[in-house]
Amino acid sequence: MLYAPKPTFLKNDNVLCMNEQALHWDDLRVVQAIAEAGSLSGAGRRLGTSHATVFRRLNAIERRLDVALFERSRTGYAPTPAGEDLAATAARVETEVLGAERRIVGRDLRLSGTIRVTTTDTLLMGLLSPIFAGFQRAHPEIVLEVAVSNQLFNLSQRDADVAVRPSPTPPEHLVGRQVGTIAQAVYAYAGDPPDAWVGPDRHLGYAALDAWMAGQGVNERCRYRVDTMFGMLAAARDGLGRAVLPCYLADAEPALVRLGEPIPELATDLWLLTHPDLRRVARIRAFMAYVAEAMEKVWEQERSVR
């Protein structure tokens, strides 16, 4: 258990006595969570507990330290100077703990254990699921946990061990390799391509496609917007309009026809990434090599079709 001693001085007959109070790592986590969230409910969600429990823990910490760590108001909890100090300490301790954990895991040379992979829903369904299945059959003692999200997980904090992501510029603190380039093109219902368009909703956060559609002057013909690529594919398939879709996904849909060549400015590199501390872990190394080789075969097949 990590702790930081806090000296308390008691004066008795002109004699100072020191009584050490242990400040545990869990206490630091509570202070850090409240400081980052700005509220008890937000801190509770981060810690996986109720706001009432966070409230009791904070009161106990402040009583023990005999200092106010937060200023309470109707708008939330703002850290006092003492609270800021403890929150900063908690962040430093967390960084050290997670770094030690990654270094220890990095010494694991066994082809067993768990790998947590993060990727997008379209990549999982359109490309990666059969590849992951093949890897699991080849290495039955390795458990794959797949986290589907359009947000890049923090690999430094072990939210995931490996990321398979489209990105023009992957984070510099990660290591890995480019495993292909995702081509995109305009698709429409094969029976009678409409003149209307399907576009990304703002919550999809697809700035490059937004810019392309604006540059092509088709935004005013966009009558349907959706916040997932699968939703855009379904809309185009059901005749709601033309849509820009990943070729690996839309080419496999018999109800769709590709209208023209892939759009060069929307081509996106696909990356296979991990944290530097994990790249020598046997199961991580085996997984990344397997996925990279399988992806190369996929792209070779796609190039031969074109």
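Residues numbered from 1 in each chain as written. Predicted model: local features only at pLDDT ≥ 70, side-chain atom pairs only at ≥ 80, totals over all residues. Heavy atoms only, no water.

A closer look at the overall build of the chain
Within the chain, the secondary structure is distributed over 9 helices and 14 strands. Sequence separation of 24 or more characterises 69% of the internal contacts of the chain that already satisfy a separation of 6 or more. Of the accessible surface of the chain, which amounts to about 16700 Å², a share of 51% is contributed by carbon and sulfur atoms. (Helix = DSSP H or I, 4+ residues; strand = E, 2+ residues; numbered from the N terminus. Contact = heavy atoms within 4.5 Å. Areas by Shrake-Rupley, 256 points an atom, 1.4 Å probe, with all protein chains shown as cover.)

Quick word on the nonpolar core
Grouped together as the largest cluster of nonpolar side chains are 56 residues, with contacts concentrated most on Ile 115, Leu 128, Trp 212, Met 232, Leu 245, Phe 287 and Met 295. Excluding its chain neighbours within four sequence positions, the residues that come into contact with Phe 287 are Ile 115, Val 117, Phe 132, Phe 135, Leu 144 and Val 162. Membership of the second largest hydrophobic core comes to 19 residues, among which are Leu 65, Leu 69, Phe 70 and Ala 90. (Core = buried A, V, L, I, M, F, W, Y, C linked by side-chain atoms within 4.5 Å. Buried < 20%, exposed > 50% of the residue type's maximum accessible area, 1.4 Å probe, protein only.)

Structural notes on the pattern of salt bridges
The final tally for this structure, using the stated rule, is 10 salt bridges. Arg 46 is the partner of Glu 36 in a salt bridge, and the nearest nitrogen-oxygen pair spans 2.7 Å. One end of the pair, Glu 36, is in helix α1 (residues 25-37); the other, Arg 46, is in helix α2 (residues 40-47), with 10 residues separating them in the sequence. Ionic pairing is found between Asp 238 and Arg 237, a salt bridge with its closest N-O pair at 3.4 Å. For Asp 238, a relative accessible area of 54% translates into the label exposed. Members of the salt-bridge network, linked through shared partners, are Asp 27, Arg 57 and Arg 64. (Salt bridge = Lys/Arg side-chain N within 4 Å of Asp/Glu carboxyl O.)

Side note on the pairing of strand β6 (residues 142-148)
Sheet topology note: the strand β5 (residues 113-119)/β6 ladder contains 7 bridges and is parallel. From the neighbouring strand, Ile 115 faces β6, where its bridge partner is Leu 144. Handedness of the crossover is the feature at issue here: the chain leaves β5, passes through helix α5 (residues 121-138), returns alongside β6, and the resulting connection is right-handed. (Pairing = 2+ DSSP bridges. Right-handed = clockwise from strand over helix to strand, strands pointing away.)

A look at α2
Buried within α2 are the following residues: Leu 40, Gly 42, Ala 43 and Gly 44. Elements in contact with the buried residues of α2: α1, α3 (51-65) and β4 (76-79). Following α2 by one or two positions, Gly 48 adopts a phi angle in the positive range, close to 75°.

As for unusual backbone geometry
Although it is not a glycine, Asp 66 adopts a positive phi angle of roughly 60°. The residue Asp 66 is located in the loop between α3 and β3 (70-73) in this model.

Some details on the confidence of the model for the chain
Taken residue by residue, the chain gives an average pLDDT of 83. The fraction at 70 or more is 85%. Of all secondary-structure elements in the chain, the lowest mean pLDDT belongs to strand β1 (residues 3-12), at 35, while strand β12 (residues 243-246) reaches the highest, 96. (pLDDT = per-residue confidence, 0-100.)

Some details on the packing of α1 against α2
Remark: α1 packs on α2, axes separated minimally by 8 Å, with the N-to-C direction vectors making an angle of 125°. Relative to α2, α1 is oriented oblique. As for the relative orientation of α1 and α2, their crossing is right-handed in sense. Only Leu 40, Gly 42, Ala 43, Arg 46 and Leu 47 of α2 make contact with α1, whose side of the interface consists of Arg 29, Val 30, Ala 33, Ile 34, Glu 36 and Ala 37. When its residues are assigned to classes, the contact of α1 with α2 shows 7 nonpolar, 1 polar and 3 charged. (Axes fitted to C-alpha atoms, helices over the stretch in contact; angles between N-to-C directions. Parallel < 35°, antiparallel > 145°, perpendicular 65-115°, else oblique. Left-handed = near helix turned anticlockwise from the far one by under 90°. Nonpolar A, V, L, I, M, F, W, Y, C, P; charged D, E, K, R; others polar.)

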